[in-house]
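One letter stands for each residue in the lines below.
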Amino acid sequence: MMFVLGESDTRTPPGAGGEEMFRALKFRKVPTVMVKFPGESHELSRSGQPWHRVERLEHIVGWFDKWLTGASKPEYEVAQEVTVKPKGDAETKRP
């Protein structure tokens, strides 16, 4: 799931549930990214700054490349669980 937000969006502000959904999906290790654009409104795709519109499309294409063609896109990787050995003998797992 990719969330694309304009930070100045008053139509669907961050408190409307998008960030909560993002965090819940991340917590459940669902492949999820959030791309925020400063100073942009709900009209980002139509009347946003030209470089933001290009970057938005690059993110969308990159996301589809990763999940439909298997292209390597480390910026969209979910944090993998790794085993860390503390100074003692016990093993602990950290995300």
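Draft legend 1. Looking closely at unusual backbone geometry. Positive phi outside glycine occurs at Lys 29, with the angle close to 65°. Along the chain, Lys 29 turns up in the loop between helix 1 (18-27) and strand 2 (33-37).

Draft legend 2. Structural view of the environment of Ser 8. Mapping Ser 8 onto the fold places it in the loop between strand 1 (2-6) and helix 1. Judged by its relative accessible area of 40%, Ser 8 falls in the partly exposed class. In sequence terms Ser 8 and Phe 37 are 29 residues apart; their C-alpha atoms lie 8.5 Å from each other. Apart from residues lying up to four places away in sequence, Ser 8 is in contact with Gly 39, Glu 40 and Ser 41.

Draft legend 3. How the structure looks around helix 1. Regarding helix 1, the residues found buried are Glu 19, Phe 22 and Leu 25. The buried residues of helix 1 all sit within an arc of 125° when viewed along its axis, so they share a single face. For helix 1, the exposed residues lying more than 90 degrees away from the buried face are Arg 23 and Phe 27. Looking at the buried side of helix 1, the elements it contacts are strand 1 and strand 2. Backbone geometry just after helix 1 places Lys 29 at a positive phi near 65°.

Draft legend 4. Molecular detail of helix 3 (residues 50-69). Between its first and last C-alpha atoms helix 3 spans 27 Å; for 20 residues at 1.5 Å apiece the expected length is 28 Å, and the two agree. Of all the positions in helix 3, only His 52, His 59, Gly 62, Trp 63 and Lys 66 are classed as buried. Taken down its axis, helix 3 places every buried residue within 100° of arc, on the same side. For helix 3, the exposed residues lying more than 90 degrees away from the buried face are Glu 58, Leu 68 and Thr 69. Residues of helix 3 that are buried sit in contact with strand 1, strand 2 and helix 2 (44-47). Just downstream of helix 3, Gly 70 is the residue with a positive phi angle, here 80°.

Conventions we followed
Residues numbered from 1 in each chain as written. Predicted model: local features only at pLDDT ≥ 70, side-chain atom pairs only at ≥ 80, totals over all residues. Heavy atoms only, no water. Helix = DSSP H or I, 4+ residues; strand = E, 2+ residues; numbered from the N terminus. Buried < 20%, exposed > 50% of the residue type's maximum accessible area, 1.4 Å probe, protein only. Contact = heavy atoms within 4.5 Å. Arc of directions from axis to C-beta. Expected span 1.5 Å × (residues − 1).

Read these as geometric descriptors, not functional statements.
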